[in-house]
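# Examination of the molecular architecture
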Amino acid sequence: MSDVKQPKIGHAAKIARPNILSLHPYRCARDDYSSGVLLDANENAMGPTSLPSNSLDPYDNGMMLERYPCPYQRIIKSLLCDYRNSGNGGDIQPENVFVGVGSDEAIDLLIRIFCAPGATSGGEGDAIMITPPTYGMYKVCANVNDVEIQTVPLTPEFDLQIPEILEAVTPKTKLLFLCSPGNPTAKSIPLSDVREIASSPAYNGLVIVDEAYVDFSTTESATSLVTEFDNIVVLQTLSKAFGLAGIRCGFAIGPSDVIQLMNNVKAPYNVNKLTSDAAANALKNTHVLEKNVNEVLEQREEVARKLEGLAFVEKVYPSDANFLLFRVRQKANEVYKMVSSLRYNLVCYMWLYALRCVLFSLICSCNLRCTLDG
């Protein structure tokens with residue numbers, strides 16, 4: 001049964017691009033048939049020429065890699081809903097979930113669906129709003145799609161400036177990206193802040209809460225708000241806490257009308273069978289996730305204590321992620337270069353915790369970020 005439908009009339013229909021609302025989505029072979037003798041997609045019935053882990057000998061093609069994957073990833077969606085609902089008492093359903101190539105695909109799709117281009121041609125297009133310092137792909141995707149970027153920086157304490165945000169939005173502002181926990185700030189945004197913005201009559205667009213690091217945080221996921229508000233979309237990924245960055249699997253969790261538009265616009269088979277298999281296994285074995293997260297949190301506290309003991313470190317910020325942001329007393333760029341050149345010595349000094357230090361200069365040139373990598 002096909003998941004390609006015309007979207008329900010809701011908030012998404014009020015702000016999406018007209019050409020997207022009238023789009024007749026591509027109809028692929030697996031929309032019509034998924035079992036039986038399949039001759040409808042010109043697949044190679046001789047079978048695959050390669051299999052994972054060299055399983056051509058002995059031959060194991062249990063995933064039937066010669067066949068196209070399910071274009072709507074129903075198994076993964078159900079497993080994700082079960083896991084997230086059990087954690088916060090929510091009621092998200094598979095129709096509230098989009099599965100994509102990392103959360104980056106979802107970011108790009110949302111901009112393409114809701115923002116008309118035109119930033120470089122007289123300013124006639126739409127806009128997104130970001131709250132720097134924040135994840136860089138929002139800006140990259142907006143630039144690729146010729147969409148204006150509006151900014152309201154975080155406070156020096158890395159909190160949202162809600163009055164300033166609501167004053168700065170315009171009718172062109174279709175998407176507001178909130179990174180929680182923040183990258184590079186490592187600080188979670190309280191759900192009360194998300195509620196305040198989403199319920200404000202001053203803003204008519206979508207609130208996009210990017211939760212790549214949510215499993216390291218004690219702040220409740222914004223997925224609990226998805227069935228309450230028709231203008232909140234939550235982005236999540238298997239790349240961080242689940243340790244599956246190599247399979248490129250992410251999610252958008254939101255109102256069914258928004259998710260339907262994303263399904264209509266995405267490429268027909270965007271998530272491959274190998275990714276789907278690994279993702280399903282991870283979501284069926286969340287005890288491994290919980291064990292690994294607990295270990296990372298213990299390491300995070302230990303590294304924070306060691307950083308606080310270094311004479312050149314002025315402050316280590318609290319963290320809700322798998323990395324730490326810290327301020328050095330001076331010359332952050334020089335410290336960054338020194339750490340880069342002495343990385344392996346630093347790894348040994350930090351009990352084999354690989355530290356990836358990134359210059360953080362948007363708010364203070366004396367801030368650095370280090371990631372707990374193993």
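You'll find the structure just up there.
Since the structure is predicted, the reported quantities are computational estimates derived from the model, not experimental observations. (Residues numbered from 1 in each chain as written. Predicted model: local features only at pLDDT ≥ 70, side-chain atom pairs only at ≥ 80, totals over all residues. Heavy atoms only, no water.)

### Focus: empty space enclosed by the protein
Quick note on the threshold: A pocket here means an open set of points on a 1 Å grid, computed over the protein atoms alone, that has protein on both sides within 12 Å along at least five of seven lines. A cavity is instead a set of points where a 1.4 Å probe fits but cannot get out; residues with an atom within 4 Å of a point line either one. Grid points are joined across faces, edges and corners, and a volume is the space filled by probe spheres set on the points. Lys, Arg, Asp and Glu make up the charged group, whereas Ala, Val, Leu, Ile, Met, Phe, Trp, Tyr, Cys and Pro make up the nonpolar group; the residues left over, Gly among them, are polar.
One pass over the full model with this rule turns up two cavities of 30 Å³ or more. In this model, the largest cavity occupies a volume close to 120 Å³. Lining the largest cavity are 16 residues, with L154, F158, C179, K187 and I189 sitting closest to its centre. Classifying every residue of the lining of the largest cavity by side-chain character gives seven nonpolar, six polar and three charged. In this structure, the second largest cavity occupies an estimated 60 Å³ of space. Lining of the second largest cavity is provided by 13 residues; of these, S180, I189, E211, T219 and E220 occupy positions nearest its centre. Of the residues assigned to the lining of the second largest cavity, the class counts are seven nonpolar, four polar and two charged.

### Focus on the pattern of salt bridges
Selection criterion: A pairing counts as a salt bridge when a side-chain nitrogen of Lys or Arg comes within 4 Å of a carboxyl oxygen of Asp or Glu. Comment: elements are numbered from the N terminus, with helices defined as DSSP H or I runs of at least four residues and strands as E runs of at least two. Three labels apply to residues, based on accessible area from a 1.4 Å probe with only protein chains included: buried if under 20% of the type maximum, exposed if over 50%, partly exposed otherwise in between.
A complete count under the given rule lists 11 salt bridges for this structure. Of the charged contacts in the structure, one is a salt bridge between R112 and D108, with a shortest N-O distance of 3.3 Å. Within this pair, R112 and its partner D108 are both found in helix α4 (residues 102–114), separated by four residues, close to a single helical turn. Residue classification places R112 among the partly exposed residues on the basis of a relative accessible area of 32%. Note that E314 is salt-bridged to R327, the shortest N-O span being 3.8 Å. One end of the pair, E314, is in strand β8 (residues 313–316); the other, R327, is in strand β9 (residues 323–328), with 13 residues separating them in the sequence. By relative accessible area, E314 is classed as partly exposed at 43%. Relative accessible area serves as the criterion here: at 24%, R327 is assigned to the partly exposed category.

### Points about helix α5 (residues 137–144)
We apply this condition: What the arc covers is the set of directions going from the helix axis to the C-beta atoms. Note on contacts: a residue pair is in contact if any heavy atoms of the two residues lie within 4.5 Å.
Residues of α5 that are buried include every one of Y138, C141 and A142, and no others. End-on, the buried residues of α5 take up no more than an arc of 100°, which puts them together on one face. Considering only its buried residues, α5 is in contact with α4, β2 (127–130), β3 (148–151), β4 (173–179) and β5 (206–210). One or two residues past the end of α5 sits D146, with phi positive at roughly 60°.

### Things to note about the environment of T49
Its place among the elements puts T49 in the loop between α2 (18–21) and α3 (74–88). Along the sequence, T49 and E66 sit 17 residues apart, while their C-alpha atoms lie 9.0 Å from each other.

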